[in-house]
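Here is how the chains run, residue by residue.
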Amino acid sequence: MKSSVWHPFTQHAVAPEPTMIARAEGQWLEAPDGRRIYDGISSWWVVTHGHRHPHIVAAIREQATMLDQVIFAGFTHEPAERLARLLLARVNAGVDNDPLAHVFFSDSGSTAVEVALKMALGFWRNAGEPRSRIIALEHAYHGDTIGTMSAGARGVFNAAYEPLLFEVERVPFPAPGREQATLDAIERACCAAPVAALVVEPLILGAGGMLMYAPSVLGEMRRITERHGALMIADEVMTGFGRTGTFLACDQAGVRPDILALAKGITGGSMPLAATLATGAVFDAHYSTDRAKTFFHSSSYTANPIACAAAVANLEVWDSEPVGERIKRLAGLQADRLASFGDDPRFSSVRRQGTITALDVAVADAGYFAGIGPQLYERFLERGVLLRPLGNTIYVMPPYCTSADDLDLVYDAIRQVVGRG
Ligand SMILES: *Cc1c(COP(=O)(O)O)cnc(C)c1O
């Protein structure tokens, strides 16, 4: 029977039939016939501890028997209240500058960043000093809504929507050795005219090709925005919840942004949910007896109780299990496996940040449409490994329950598949 489902980022005219998945457990996906596939990209970067963590599944089951959904304007519920408290305690641990103080819920990474941009503009307008200039990095990815596409890099993905996208000030990616050019460009942009916000993916630009930069650069970016009184939005939708080795990527630079966007790992990969965290100053700018200063944003499912319960359970796993040690061990295993690729002429820019590794395959037609991407995808799948190269960039973003043997399966597949006809 022909499927009527339209899949995301899928060219149905050339894509192979989608693989049917019936169940999942830990680091494994399982087809209806029992065939297992190792989930090497954490199901598009969302699964952290592993699929169906028992504590998270139990919390979802329990919450579903109590309260499924309720309007979140004028009403509240314990899962959201607890989640906000737990998130703030986590992200403020160990920092003493202007802590993040308020949590706004939505349901995807795109909406979390869209909310962040709206908060920034609202902040300046309500302060009586309207600003709308946004600074963003070259190769950035912040989501697929019109606003977040505007902040993200322009390319074939958004060419059709270009007429509707708003202008942002683009600064060069801080590639190793070229960091100063980025910092100078931000400084210049801030000097030229008042800036509403700098929006960045801390330490790794994900969809832009797993491009990595040093924590010291992030620290410098923060100092520049502080000096010029511009807001900093950290898009930790992908990097949050331990991917870079620390809970937040910002932890490695000891910085806290004015606005922080979280999504993917927030429920451990079990339910759609997102949160945008803001400082007291950003909240206070919207706090007024003047109703026109209200923060005008809502999703129908804002703070869905079942999703919030899953996120609370996720943070409880962080507190009750040695997640930090697991991440450290996984990062070490990843580093070991990657070492042998450093002098392999088939690869370049062999790199790692925390639990994430990436390497570029030498090809003539580098970039997202590099012909090799879809071929590699299919060959990995034949070997029971889900990897979805970004053009000619292969990356591995494993669930934290991954074993040394699992990684051997992955890296043996990479070694055998690339450049062998
Ligand atoms: C995935 C991603 C988004 C968008 O999240 P969705 O949940 O897919 O809307 C935004 N920013 C970054 C850095 C991401 O990796």
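Above this text sits the structure in question.
Predicted model only: the values in this text are computed from it and were never measured.

### Notes on the overall build of the chain
- Tallying secondary structure elements over the chain gives twelve helices and 16 strands in all.
- A compact globule built from 421 residues should have a C-alpha radius of gyration of about 22 Å, and the chain, at 21 Å, falls within 12% of that.
- Reported as C-alpha extents along the three principal axes, the dimensions of the chain are approximately 65 × 55 × 45 Å.
- A burial count over the chain gives 51% of its 421 residues as buried.
- For the chain, the proportion of contacts with a sequence separation of at least 24, taken over those separated by at least 6, is 71%.

### Overview of the packing of helix α3 (residues 78-92) against helix α9 (residues 305-320)
- Orientation of α3 relative to α9, taken along the N-to-C sense of each, is 35°, at an axis distance of 9 Å. Helix-helix and strand crossings are classified by hand; for α3 and α9 the assignment is left-handed. Of α9, the residues touching α3 (which contributes Pro79, Ala80, Arg82, Leu83, Leu86, Leu87 and Arg90) are Pro305, Cys308, Ala309, Ala311, Val312, Leu315, Glu316, Trp318 and Asp319.

### Comments concerning the site of the ligand
- What surrounds the ligand is the set Trp45, Ser108, Gly109, Ser110, Tyr141, His142, Gly143, Glu201, Asp235, Val237, Met238 and Lys264.
- Within the side chain of Asp235, a nitrogen or oxygen atom sits 2.7 Å from a nitrogen atom of the ligand.
- Lys264 is positioned with one of its side-chain polar atoms (N or O) 2.7 Å from an oxygen atom of the ligand.
- Within the complex, the protein chains bury 83% of what would otherwise be the 380 Å² of accessible surface of the ligand.
- For the shell around the ligand, a count of residues per class yields four nonpolar, five polar and three charged.

### Considering the sheet that holds strand β7 (residues 197-200)
- Across the sheet, which stays open at both edges, the seven strands sit in the order β4-β12-β11-β10-β7-β5-β6 with mixed pairing between neighbours. Either end of the sheet is taken by a strand with one partner, and the two such strands are β4 (100-106) and β6 (169-171). When strand polarity is set aside, the average angle formed by the axes of neighbouring strands in this sheet is 20°.
- The pairing of strand β5 (residues 134-137) with β7 spans three bridges and is parallel. Across the sheet, Ala136 pairs through a bridge with Val199, a residue of β7.
- Contacts from α3 reach β4, β11 (259-262) and β12 (274-279), with the element oriented near 130° to β4.

What counts and how
Residues numbered from 1 in each chain as written. Predicted model: local features only at pLDDT ≥ 70, side-chain atom pairs only at ≥ 80, totals over all residues. Heavy atoms only, no water. Helix = DSSP H or I, 4+ residues; strand = E, 2+ residues; numbered from the N terminus. Rg over C-alpha atoms; globule rule 2.2 N^0.38 Å. Buried < 20%, exposed > 50% of the residue type's maximum accessible area, 1.4 Å probe, protein only. Contact = heavy atoms within 4.5 Å. Axes fitted to C-alpha atoms, helices over the stretch in contact; angles between N-to-C directions. Left-handed = near helix turned anticlockwise from the far one by under 90°. Near = heavy atom within 4 Å. Polar contact = N/O pair within 3.5 Å; in protein donor to acceptor, adjacent residues only side chain to side chain. Areas by Shrake-Rupley, 256 points an atom, 1.4 Å probe, with all protein chains shown as cover. Nonpolar A, V, L, I, M, F, W, Y, C, P; charged D, E, K, R; others polar. Pairing = 2+ DSSP bridges.

Fair warning: the whole summary comes from geometry, so function is off the table for now.
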